[in-house]
Amino acid sequence: MKIKVIVTLKNGVLDPQGKAIQQTLNSMNFSNVNEVRQGKFFEINVNEINEEKAKSQVEEMCKKLLANLVIEDYKII
Amino acid sequence: MKSSVIIFPGSNCDRDMDVALTKFGFKNTMVWHNDQSIPKSDLIVLPGGFSYGDYLRCGSIASKSNIIKSVIDFANSGGLVLGICNGFQILTETGLLTGILQQNKYLNFICKNVFIKVKDKKNKYFKNIKKEILELHIAHNEGNFFCTDQELKLLEDNNQIAVTYCNSNGLENEEDNPNGAIKNIAGIFNKNKNVLGMMPHPERMIDKYLSGEDGSLFFENLLGNLG
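### Some words on the overall build of chain B
Broken down by element type, chain B carries five helices and 11 strands. Over its C-alpha atoms chain B spans a radius of gyration of 16 Å, differing by no more than 12% from the 17 Å that the globule rule assigns to 227 residues. Dimensions along the principal axes, computed over C-alpha positions, put chain B at roughly 45 × 35 × 35 Å. Counting over 227 residues, chain B shows a buried share of 59%. Long-range contacts, defined as pairs at least 24 residues apart, comprise 75% of the intrachain contacts of chain B with a sequence gap of at least 6. Put simply, chain B shows about 9600 Å² of open surface, and 49% of that area lies on carbon and sulfur atoms. A gap of 6 Å separates the mean positions of the 24 positive and 25 negative side-chain charges of chain B.

Laid out in structure tokens, this is it:
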């Protein structure tokens, strides 16, 4: 079963790459872009047929490795 | 005194650290990350570099390697663990140290000499050190120390801030903060001050003809404090 995870910086945490992307977009005439936040996307293939079980395993993975909870939030989708 | 330097795939300051430790009298052993145990040591060093290519987050993969359990046990039993640069990043990812090293504020890799101020001397690393302000070298892309307000308060209340970026007179201003780190933080301790992580490289400043000698001060002093 494929589980997808998005890891993003928490609100309020400085995201210099997002800022640079935003400024570049602005300079490319996308002048209405106010903010860009950059994150990470994971596709995890878990050998498990029960979706709930797979998701709860992936949640553990997020807490232990995929995200650093000091600065990042994760979302399992 | 015995020391061990842990080598991860992608470490690149391990040899420099070995040279520095040996120069100042440590009997040093190099330990591979896949080993299960560390020889009896008075000091364990996690060196600088790019362990596992900085994949996922700097230090995150190394923080789950085989050898790390021994490092954590050693630290929890009061042993001295020093993490320089990528070693500092690994220590935050293990949870032995608070916070995280984020990408530098201005997105550039910084490689230059900086001044750092010694903020606490009640520890084995800086007790008796002769200078308050040291000139050391930094070389990193992710050195921007960040932690929550609550964690910062704990660091301050327990005097766990080890060194900060400053100018040559010791003024900790924004101009001399190379990477945007909170409160100019360049290095911190754990609560018991046996674990130190810092971005500057003392091992690069141990030769008066090549660089400078403030790194020598650091190692001589550390060895003296352990003796």
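There is more to say, and it comes next.
### With respect to the sheet that holds strand β3 (residues 72-76) of chain A
Residues and elements named next belong to chain A. Reading across the sheet, the three strands line up as β2-β1-β3 and stay open at both edges, with antiparallel pairing between neighbours. Edge positions in the open sheet fall to β2 (39-45) and β3, since each of these has one partner strand only. Direction aside, the axes of adjacent strands within the sheet are offset by 20° on average. Bridge analysis of strand β1 (residues 2-9) against β2 gives seven bridges, and the strand direction is antiparallel. Of the residues in β2, the one forming a bridge with Ile3 is Ile44.

### A look at the pairing of strand β11 (residues 195-198) of chain B
Two faces belong to every sheet, and in a regular strand the side chains alternate between them. All names here are of chain B. Side chains Val195 and Gly197 of β11 all project onto a buried face; the interleaved residues Leu196 and Met198 project onto the opposite face, where all are buried too. Where strand β10 (residues 185-189) meets β11, three bridges bridge the pair, whose relative direction is antiparallel. Within the sheet, the bridge partner assigned to Ile188 lies in β11 and is Gly197. Hairpin connection of β10 to β11: five residues between the antiparallel strands, including Lys193 at a positive phi of 60°.

### Observations concerning helix α1 (residues 16-27) of chain A
All names here are of chain A. For α1, spanning 12 residues, the distance from its first C-alpha to its last is 16 Å, which sits close to the expected 16 Å at 1.5 Å a residue. Of all the positions in α1, only Pro16, Gly18 and Gln22 are classed as buried. Down the axis of α1, the smallest arc covering the buried residues is 155°, so these residues share one side. Looking one or two residues past α1, Asn29 carries a phi angle of roughly 75°, positive in sign.

### A closer look at helix α5 (residues 214-226) of chain B
With 13 residues, α5(B) extends 19 Å between its outermost C-alpha atoms, agreeing within 8% with the 18 Å of an ideal straight helix rising 1.5 Å per residue. A large share of α5(B) lies buried, amounting to 11 of its 13 residues.

### A look at the pairing of strand β7 (residues 133-140) of chain B
All names here are of chain B. Among the eight residues of β7, six are classified as buried, and the element is accordingly described as predominantly covered. Two strands pair when backbone bridges link them, and strand β6 (residues 110-118) and β7 are joined in this way by eight bridges, in the antiparallel orientation. In the strand pairing of β7, Ile116 is matched with Leu134.

### Brief notes about the interface of chain B and chain A
Residue-level contacts link 16 residues of chain B with 16 residues of chain A. Of the roughly 1300 Å² buried where chain B meets chain A, counting both sides, 64% is carbon and sulfur surface. It is B:Leu56, B:Arg57 and B:Gln102 that lose the most area in chain B upon contact with chain A, and together they represent 39% of the buried surface on that side. Counting every contact that joins chain B to chain A gives one salt bridge. Between B:Arg57 and A:Glu72 there is a salt bridge, with its nearest N and O atoms 3.7 Å apart. For the interface between chain B and chain A, the tally reads seven residue pairs in polar contact (both at pLDDT 80 or more). Every element with two or more residues in the side of chain B that touches chain A is listed here: β5 (100-102) and β8 (144-146) of chain B. Partitioning the side of chain B that touches chain A into residue classes produces five nonpolar, six polar and five charged.

### Describing the pattern of salt bridges
This model, assessed by the stated rule, comprises 16 salt bridges over all chains. Between A:Lys55 and A:Glu51 there is a salt bridge whose closest N-O contact spans 3.1 Å. Here the residue A:Lys55 and the residue A:Glu51 both occupy positions in helix α2 (residues 51-66), the gap between them amounting to four residues, near one helical turn. Classification of A:Lys55 by relative accessible area gives partly exposed; the value is 27%. With a closest N to O distance of 3.6 Å, B:Glu156 and B:Lys183 form a salt bridge. Highlighted residues: B:Glu156 in helix α4 (residues 149-157) and B:Lys183 in the loop between β9 (161-166) and β10, separated in sequence by 27 residues. B:Glu156 gets classed as partly exposed once you look at its relative accessible area, which sits at 34%. One network of salt bridges, in which partners are shared, links A:Lys40, A:Glu72, B:Arg57 and B:Glu93.

So, how was this worked out
- Residues numbered from 1 in each chain as written.
- Chains lettered and ligands numbered in written order.
- Predicted model: local features only at pLDDT ≥ 70, side-chain atom pairs only at ≥ 80, totals over all residues.
- Heavy atoms only, no water.
- Helix = DSSP H or I, 4+ residues; strand = E, 2+ residues; numbered from the N terminus.
- Rg over C-alpha atoms; globule rule 2.2 N^0.38 Å.
- Buried < 20%, exposed > 50% of the residue type's maximum accessible area, 1.4 Å probe, protein only.
- Contact = heavy atoms within 4.5 Å.
- Areas by Shrake-Rupley, 256 points an atom, 1.4 Å probe, with all protein chains shown as cover.
- Lys, Arg positive; Asp, Glu negative; His and termini not counted.
- Charge placed at Lys NZ, Arg CZ, Asp CG, Glu CD.
- Pairing = 2+ DSSP bridges.
- Axes fitted to C-alpha atoms, helices over the stretch in contact; angles between N-to-C directions.
- Expected span 1.5 Å × (residues − 1).
- Arc of directions from axis to C-beta.
- Buried area = accessible area lost by both parts, 1.4 Å probe.
- Salt bridge = Lys/Arg side-chain N within 4 Å of Asp/Glu carboxyl O.
- Polar contact = N/O pair within 3.5 Å; in protein donor to acceptor, adjacent residues only side chain to side chain.
- Nonpolar A, V, L, I, M, F, W, Y, C, P; charged D, E, K, R; others polar.

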